[in-house]
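Residue-level structural notes
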There are 2 protein chains.
Amino acid sequence: MGGANVSSIRVVKQLLEANKDCSDEVRGILAGKKVFAINIMAAPGAGKTSMIIRLIEKLQPHYKVAVIEGDIAGQIDAEKLDKLGVPVVQLNTSGACHIEAMSMKKMLDYFNLDDIDVLFVENVGNLVCPAEFEIGEDMKLAIVSIPEGDDKVVKYPLLFTKADLVVFNKFDMMRFFDFDDQQAEKDVLFLNPQAKVFRTSCQVDDGIGALYDEVADRIGTKLEED
Amino acid sequence: MGGANVSSIRVVKQLLEANKDCSDEVRGILAGKKVFAINIMAAPGAGKTSMIIRLIEKLQPHYKVAVIEGDIAGQIDAEKLDKLGVPVVQLNTSGACHIEAMSMKKMLDYFNLDDIDVLFVENVGNLVCPAEFEIGEDMKLAIVSIPEGDDKVVKYPLLFTKADLVVFNKFDMMRFFDFDDQQAEKDVLFLNPQAKVFRTSCQVDDGIGALYDEVADRIGTKLEED
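A few points on the structure. Small disclaimer: the values here were computed from a predicted structure and weren't measured. (Residues numbered from 1 in each chain as written. Chains lettered and ligands numbered in written order. Predicted model: local features only at pLDDT ≥ 70, side-chain atom pairs only at ≥ 80, totals over all residues. Heavy atoms only, no water.)

This next bit is on the side chain of A:Glu69. Mapped onto the elements, A:Glu69 comes out in strand S2 (residues 65-71). No salt bridge forms around the buried A:Glu69; measuring N to O, its nearest opposite-charge neighbour B:Lys155 is 5.7 Å away. Excluding residues that lie within four positions of it along the chain, A:Glu69 makes contacts with A:Thr49, A:Asp77, A:Ala78, A:Leu81, A:Val88, A:Val89, A:Gln90, A:Leu91 and A:Glu122. (Helix = DSSP H or I, 4+ residues; strand = E, 2+ residues; numbered from the N terminus. Buried < 20%, exposed > 50% of the residue type's maximum accessible area, 1.4 Å probe, protein only. Lys, Arg positive; Asp, Glu negative; His and termini not counted. Salt bridge = Lys/Arg side-chain N within 4 Å of Asp/Glu carboxyl O. Contact = heavy atoms within 4.5 Å.)

Laid out in structure tokens, this is it:
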């Protein structure tokens, strides 16, 4: 986001308001089509793509899944996901550090929403800006990886205040890093008492089951609504 | 940074131009006072604070050092640095995802610049936005940590295009992660043939010597100018 003088604050406020309106519009479209959208947010290299792959592996027998891959540049992650045989659309933000609702809305045109139950959106790797922009999602999933350190929750509070689920990933690396997961969980719950915290390792496929159960439960609740 | 409609692009351009003017002003002030400023940029948890601490340990016998600690919120890192007995000023960006030249200029008032040779600026943990904002620095140092993965250079090209020095940190973790450091170095040099690449581990104090030599060489060149 921009700087702190009065004129830029006004512009940022306008951008956020326009984004909110568009986010509501996206939410309406997704509700009409019975699509459950998951916004995945984390720092670069925390394991967003790996997490999406692990969850898709478990969701695929039950749901039709698709992915929007947000990146500043390139399509490395989209290529990884393509191997799963699910529809993947690459969204290059051309330098922007987050996905906005307007881009999300445009992306929906690339999919047949009647044929999708669950839509993952991998946001740009960034703990700051993505948290400010609603994109019409049903659920926000934030990841902190163990090598990043346990102070990330305190240092980037907005994301953890807004996240529905918070995952400590690369948990198999705990023995090599000084990460106090009990304290980090307390820090999350202090900011956001409704959040649920999970511990996973996508690399060695550990802890995904409990996370999947929670995700599937929320998907089921929405898709079974009248 | 803001979104992609015409009005927000215009505003962003104005912000960047105003930032450039202010950055030139800061550069002039620092040149007048013979202060060498180093802008440290990386994703959250890559080891920015640890890198600053390791470099200060080696610089302290030769130079008077100070630090500006940029964070969205909190002062965890400033407290760590305070133990080194160097002047540290905490800059909380109140949600902004990068430091701008205007904030940098204001921060200079908190120091006695006549009594400083080297000023570290730890930018907000973010691979995207800090790269767009010059802050009057003499050198940009970008860090990628091994657990983040070797695709970060390709996925966040602007920072690596602009960095003078690029450091692969947490290099002692190489055996646990699938990080092709030769390829990542090639990716850096493809974007930025002038960049120098280093491999370090701040945790186990490995590889800092070569990096220090390069940093000290650049500091010496500026401070010995007439």
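What follows concerns the nonpolar core. In terms of nonpolar packing, the biggest core is built from 52 residues, with A:Phe160, A:Phe168, B:Phe160 and B:Phe168 touching the most fellow members. For this core, the elements supplying multiple residues, two or more each, are strand S5 (139-145), helix H6 (157-162), strand S6 (165-169) and helix H7 (181-191) of chain A together with strand S5 (139-145), helix H6 (157-162), strand S6 (165-169) and helix H7 (181-191) of chain B. Each residue touching B:Phe168, except ones within four places of it in the same chain, is listed here: B:Val144, B:Ile146, B:Phe179, B:Asp181, B:Ala184, B:Glu185, B:Val188, B:Val197, B:Phe198, B:Arg199 and B:Thr200. (Core = buried A, V, L, I, M, F, W, Y, C linked by side-chain atoms within 4.5 Å.)

Adjacent strands of a sheet pair through backbone hydrogen bonds, lying either parallel or antiparallel. All names here are of chain A. Ordered in space as S3-S2-S4-S1-S5-S6-S7, the 7 strands form an open sheet in which the pairing is parallel. Whereas interior strands pair on both sides, the edge strands pair on one side only; in this sheet they are strand S3 (88-92) and strand S7 (196-199). Ignoring strand direction, the axes of neighbouring strands in this sheet form an average angle of 20 degrees. When strand S1 (residues 36-42) meets S5, the two strands line up parallel, connected through 5 bridges. Bridging across to S5, Ile-38 finds its partner in Met-139. Sheet strands in contact with helix H2 (residues 48-59) are S1, S2, strand S4 (118-122), S5 and S6, and its direction is about 170 degrees off that of S4. (Pairing = 2+ DSSP bridges. Axes fitted to C-alpha atoms, helices over the stretch in contact; angles between N-to-C directions.)

This next bit is on empty space enclosed by the protein. Any space left empty among the atoms is revealed by the rolling of a water-sized probe across them. Here the structure, examined in full by the defined rule, presents 2 cavities of 30 Å³ or more. Computed from the structure, the second largest cavity encloses a volume of approximately 60 Å³. If you go around the second largest cavity, you meet 14 residues; those closest to its centre are A:Ser145, A:Pro147, A:Glu148, B:Ser145 and B:Glu148. Class assignment of the residues belonging to the lining of the second largest cavity gives a composition of 6 nonpolar, 4 polar and 4 charged. (1 Å grid on protein atoms, 1.4 Å probe; cavity = no way out; pocket = protein on both sides within 12 Å on 5 of 7 lines; lining within 4 Å. Points joined across faces, edges and corners; volume = space filled by probe spheres on them. Nonpolar A, V, L, I, M, F, W, Y, C, P; charged D, E, K, R; others polar.)

All names here are of chain A. Counting through the fold element by element, Lys-48 comes out in helix H2. The buried charged residue Lys-48 lacks any salt bridge, with Glu-122 as its nearest oppositely charged partner at 4.5 Å. Discounting chain neighbours no more than four positions away, the residues touching Lys-48 are Ile-40, Met-41, Ala-42, Ala-43, Glu-122, Asn-123, Val-124, Gly-125 and Ile-143.

All right, on to the sheet that holds strand S2 (residues 65-71) of chain B then. Residue and element names in this part refer to chain B. What the 7 strands build is an open sheet, ordered S3-S2-S4-S1-S5-S6-S7; its pairing is parallel. If you trace the sheet from one side to the other, it starts and ends with strand S3 (88-92) and strand S7 (196-199), each paired once. Neighbour to neighbour, the strand axes of the sheet diverge by 20 degrees on average, direction disregarded. Where helix H4 (residues 101-108) meets the sheet, its contacts fall on strand S1 (36-42), S2, S3 and strand S4 (118-122), and the angle it forms with S3 comes to roughly 145 degrees.

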